[in-house]
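The lines below spell out each chain.
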Amino acid sequence: MSNHDKLKELLIDTFLLDESEYSLELLRENVDTWDSLGIVSMAVGVNETFGYHFTPEEATGVQSVADIIRILEANGISFDE
Amino acid sequence: MSESPYLLRERGREDHAALDRAWEDARTFAFVPAKSDVSDAWLDAALAALPADLRTAHFALLTSGSTGHPKLVVGSRERAEALARVLHEAQASEGVDETILTLPLSYCYAFVNQWLWARVTGRRLVVTRGFAEPEDLRRALDGATNAMLCLVAAQLALLTTHCGDAVFPGVTRVHFAGGPFPQAELTALAARFPNARVFNNYGCAEAMPRLTVRAAEDGEAASDVGRAIPGVELRVGDDGELGFRSPYGAVAFVEDGVLRRIGDGEWGPTGDHAEAQADGRFRLLGRANQVFKRYGEKIALGRLLDTAQSAWPGQATFYREKDRMNEDGFVLLLSPAPSDEDVRAILKAFRTHHPRTHWPLRVESAASLPVLPSGKTDLAALATLEGREVHWRNRI
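Quick caveat, the model's predicted, so the values are computed rather than measured.

Novice: Would you explain the overall build of chain A in this entry?
Specialist: Scanning chain A from terminus to terminus reveals 4 helices and 0 strands. When the helices and strands of chain A are listed from N to C terminus, the series reads α-α-α-α. Computed over its C-alpha atoms, the radius of gyration of chain A comes to 11 Å, within 12% of the 12 Å expected for a compact globule of 81 residues. For chain A, the spread of C-alpha atoms along the three principal axes comes to 30 × 25 × 20 Å.

Novice: Help me understand unusual backbone geometry, please; the structure alone is not making it clear to me.
Specialist: Note: most peptide bonds trans; most residues except glycine with negative phi. Residue and element names in this part refer to chain B. Cis geometry marks the peptide bond from Met208 to Pro209; its omega dihedral reads -20 degrees. Relative to the helices and strands, Pro209 resides in the loop between β9 (197-203) and β10 (210-215). For the bond running from Ser335 to Pro336, omega is -5 degrees, close enough to zero to count as cis. Position of Pro336 relative to the elements: it lies in the loop between β21 (328-335) and α9 (340-353).

Novice: For this particular structure, what's the right way to read the interface of chain B and chain A?
Specialist: Interface size is commonly expressed as the accessible surface area that is lost when the partners come together. Each partner contributes residues to the interface: chain B has 9 residues there, and chain A has 10 residues. Tallied by class, the residues present in the side of chain B that touches chain A amount to 3 nonpolar, 2 polar and 4 charged.

Novice: It is not clear to me how the sheet that holds strand β5 (residues 98-100) of chain B should be interpreted in this structure. Could you clarify?
Specialist: Strands in a sheet are paired, the pairing made by backbone hydrogen bonds, and the direction either parallel or antiparallel. Residues and elements named next belong to chain B. As summarised here, the arrangement of the 11 strands in space is β6-β5-β7-β8-β9-β10-β11-β17-β16-β13-β12, forming an open sheet in which the pairing is mixed. Strands at the two margins of the open sheet, each flanked by one partner only, are β6 (124-126) and β12 (233-236). For this sheet, the mean angle separating the axes of adjacent strands, direction not counted, is 40 degrees. Two elements, strand β16 (residues 268-276) and strand β17 (residues 282-287), share 5 bridges in a ladder whose sense is antiparallel. The residue bridging Glu275 from the neighbouring strand is Arg283, located in β17.

Novice: Before we go on, may I ask you to explain the pairing of strand β15 (residues 258-261) of chain B in this structure?
Specialist: Each regular strand carries side chains that alternate between the two faces of the sheet. All names here are of chain B. Pairing of strand β14 (residues 252-255) with β15 involves 4 bridges; the strand directions are antiparallel. Residue Ala252 lies in a different strand from β15, and its bridge partner there is Arg261. Counting the residues between successive antiparallel strands, the hairpin from β14 to β15 contains 2 residues, one of them, Asp256, with a positive phi of roughly 55 degrees.

Novice: Would you take a moment to explain the domain arrangement of chain B for this structure?
Specialist: Residues and elements named next belong to chain B. For chain B, the assigned domains are domain 1 (6-285) and domain 2 (295-393). One C-alpha centre belongs to domain 1, the other to domain 2; they are set 26 Å apart. Opposite the 22 residues of domain 1 that make contact, domain 2 presents 21 residues. Secondary-structure elements contributing two or more residues to the side of domain 1 that touches domain 2 are α6 (155-163) and β17. Here the residues of the side of domain 1 that touches domain 2 are counted per class, giving 13 nonpolar, 8 polar and 1 charged.

Novice: So what exactly am I meant to see when it comes to α9(B) here?
Specialist: Residue and element names in this part refer to chain B. With 14 residues, α9 should reach 20 Å at 1.5 Å per residue; the first-to-last C-alpha distance of 20 Å fits that figure. Those residues of α9 that fall on the buried side of the exposure criterion are Ile346, Leu347 and Phe350. Down the axis of α9, the buried set is contained in an arc of 95 degrees. They therefore lie on one face. In α9, the exposed residues that point more than 90 degrees away from the buried face are Glu341 and Thr352. The elements touched by buried residues of α9 are α8 (301-310), β22 (362-365) and β23 (389-393).

Novice: What exactly am I supposed to notice about helix α5 (residues 134-142) of chain B here?
Specialist: Every α-helix winds through 3.6 residues per turn, so residues three or four apart in the chain are directed the same way. Among the residues making up α5(B), those that are buried are B:Leu137, B:Ala140 and B:Leu141. All buried residues of α5(B) project into a common sector of 100 degrees when viewed along the axis, lining one side.

Novice: I tried to follow the packing of helix α1 (residues 3-15) of chain A against helix α2 (residues 36-50) of chain A on my own but got confused; where do I start?
Specialist: When two helices pack together, their arrangement is given by the angle between the helix axes and by the axis-to-axis distance. All names here are of chain A. The contact between α1 and α2 brings their axes to 10 Å, and the two run at 150 degrees. Note on packing geometry: the crossing formed by α1 with α2 is right-handed. Across the interface between the two elements, Lys6, Leu10, Thr14 and Phe15 of α1 pack against Gly38, Ser41, Met42, Gly45 and Thr49 of α2. When the residues that make up the contact of α1 with α2 are grouped by side-chain class, the tally is 3 nonpolar, 5 polar and 1 charged.

Novice: So what exactly am I meant to see when it comes to the nonpolar core here?
Specialist: The tendency in soluble globular proteins is for nonpolar side chains to be buried side by side. Within the largest apolar cluster, 119 residues are counted, with the highest numbers of intra-cluster contacts made by B:Leu72, B:Val74, B:Ala110, B:Phe111, B:Val112 and B:Val171. Ranked by residue count, the leading element in this core is helix α4 (residues 108-121) of chain B, at 9 residues. When residues of this core are assigned to domains, at least three fall in each of domain 1 (6-285) and domain 2 (295-393) of chain B. Here B:Phe111 is in contact with B:Leu61, B:Leu105, B:Ser106 and B:Leu116, once residues within four sequence places are set aside. Judged by nonpolar contacts, the second largest core, of 7 residues, contains A:Leu37, A:Val40, A:Phe54 and B:Ile396.

Novice: Before we go on, may I ask you to explain the sheet that holds strand β2 (residues 29-32) of chain B in this structure?
Specialist: All names here are of chain B. Strands sit in the order β1-β2-β3-β4-β14-β15 across an open sheet of 6 strands; the sheet is mixed. Looking at strand neighbours, the two that pair on one side only are β1 (6-9) and β15, the edges of this open sheet. Pairs of neighbouring strands in the sheet enclose a mean axial angle of 25 degrees, with direction left out of account. Two elements, β1 and β2, share 4 bridges in a ladder whose sense is parallel. Directly across from Arg9, in β2, lies its bridge partner Val32.

Novice: What am I meant to see in the pairing of β22(B) here?
Specialist: Residues and elements named next belong to chain B. Relative to β22, β21 runs parallel, the two sharing 4 bridges. Opposite Leu334, over in β22, you have Ser365 as the bridge partner. Each parallel crossover has a hand, and the one from β21 via α9 to β22 is right-handed.

Conventions adopted
Residues numbered from 1 in each chain as written. Chains lettered and ligands numbered in written order. Predicted model: local features only at pLDDT ≥ 70, side-chain atom pairs only at ≥ 80, totals over all residues. Helix = DSSP H or I, 4+ residues; strand = E, 2+ residues; numbered from the N terminus. Rg over C-alpha atoms; globule rule 2.2 N^0.38 Å. Contact = placed C-beta atoms within 7 Å. Nonpolar A, V, L, I, M, F, W, Y, C, P; charged D, E, K, R; others polar. Pairing = 2+ DSSP bridges. Axes fitted to C-alpha atoms, helices over the stretch in contact; angles between N-to-C directions. Domains from an automatic or database assignment. Expected span 1.5 Å × (residues − 1). Buried ≥ 20, exposed ≤ 12 C-beta atoms within 10 Å, placed from the backbone. Arc of directions from axis to C-beta. Left-handed = near helix turned anticlockwise from the far one by under 90°. Core = buried A, V, L, I, M, F, W, Y, C linked by C-beta atoms within 7 Å. Right-handed = clockwise from strand over helix to strand, strands pointing away.

Below you can see the structure in the form of structure tokens.
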């Protein structure tokens, strides 16, 4: 499974998204379940899936799926697939 | 010299004649399951604690519910017979000719709603050992004539296992008590019992046992228990717990060897939290230990069960667990195993109706749920049940 697919599966599972809601352009402000506990849950999921610990500033600063990819890529996790 | 109360253990069919004799005998008796983890010595001590005025004309039943803490509840025969008559009216039972026993008779629900009702109204009691002898039960259902059935929801899965798609047109009343009402299974119930009216019965052993009755068609949620039956008063206290005052309720109970009288007009706890509705109905929020704060928000597991069952026709229950931040949470346990689509539908219902704090820590399933001798789900055994499968988990 590609890292894109892993991230998609994780975010659908974490925020209980319909598959049709997910896209790389998805914004936090458009997801009602991307709340404070959702941020914690997403950060735990990222650690479990990609082995990367978001700093608190990173986790709360994320505003989109693209932001998550940008942070992970900056820490050596490739999404060039 | 005072009368000596005595112990009557439920043995089987032959004991129903003994129960009739006991009811006509002046002496108070305790009617208890054939097998239980409560010893004769414990029961003898409890009966010995009864004062002179409770040693005649009363009866006692054992309750432990899901807490496992035994309590001998003492009722008045006169009050219990009055309740049986009130239930007859409230449940429109005049056209019912017989009642088919599927639960242990020493369980307060079967004792009053069936054995005593049959006795008071002159109806036939069809004795079976329920799902302990499913072929015998099947024969009784096949041969039913204007029959009333009293079930707990956990028995529905057993009914399907043993009877498949069989239809029982002779059953005209199906009652549920002893746990969440199977609102999600009404369509299946209508197919199996095409001539039956279905009722949600609510109460507790201390009420001996009935407090409310609701016809299935009069509500949309399992937590809706309807209105108090005639004579019974209900109120929600400042702490959210539902209290009752009943002219049919128990007059005393013995716990830890200590007798506690229940005075006339005294309000007693049901052990459930509830909300009063504007139309006089009540909605259960869950047992007192099923209403709690999670991240500062009030969680009512009874409400969440409605949500789960709006998307899941099988059995559903909860057990409590702390999350990784040591906050109180809960696990949703289903039976039988759901499909991936079922799980998605349940989670979607949670997302639609509740904030994340109300979501379960996990969605699990088990092939079957553990039950107590009364047929109720054994809530105390859920957290350690073996063979559970995890379908989804919250990462908090």
